[in-house]
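Survey of secondary and tertiary structure
Each chain, written out:
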Amino acid sequence: MRIALVIGSTVATIKDELISGRKLLIVCNADTAGKPTGDPYIAVDTVSAGTGDLVMVTDGSSARYTSQTTNAPVDAVIVGVIDSLEMSGKVTYRKE
């Protein structure tokens, strides 16, 4: 899994029927402080995340193993919203 920051959303009115009705969010990989570190990409939201949330993203073939994305043509899926991160006993991120 990866740490990512939700930076926006996208709408696609024409898409594969297996992802019809799914919320598509724009995310960037993030560091342990919640700062974006990479190029944006689209992930299917399965947990009602929103802009500004730090999330856990599963990608590659693992993205098709959630109950909402089984056999769907997806490469990235949001599987959790992060409340806090701790590294070596120090909290590096806490959701406000």
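Here's a quick rundown of the structure. None of these values were measured; they are calculated from a predicted model.

Moving on: the nonpolar core. By size, the foremost hydrophobic cluster in this structure holds 10 residues: A4, V6, L25, V27, A43, A49, V55, V57, A76 and I78. Sequence-distant contacts of A76, defined by excluding residues within four places in its chain, comprise Y41, I42, A43, V44, V57, T58, D59 and A63. In terms of nonpolar packing, the next biggest core, distinct from the first, is built from seven residues, A63, A72, V74 and V77 among them.

Next up on the list: the sheet that holds strand 3 (residues 41–45). An order of 1-2-3-5-4 is seen for the five strands of this closed barrel, with the pairing classed as mixed. Neighbour-to-neighbour, the strand axes of this sheet turn through a mean angle of 55°, independent of strand direction. Pairing geometry for strand 4 (residues 54–59) and strand 5 (residues 76–81), over five bridges, is antiparallel. For V57, the partnering residue across the bridge sits in strand 5 and is I78.

So, how was this worked out
Residues numbered from 1 in each chain as written. Predicted model: local features only at pLDDT ≥ 70, side-chain atom pairs only at ≥ 80, totals over all residues. Heavy atoms only, no water. Core = buried A, V, L, I, M, F, W, Y, C linked by side-chain atoms within 4.5 Å. Buried < 20%, exposed > 50% of the residue type's maximum accessible area, 1.4 Å probe, protein only. Contact = heavy atoms within 4.5 Å. Pairing = 2+ DSSP bridges. Helix = DSSP H or I, 4+ residues; strand = E, 2+ residues; numbered from the N terminus. Axes fitted to C-alpha atoms, helices over the stretch in contact; angles between N-to-C directions.

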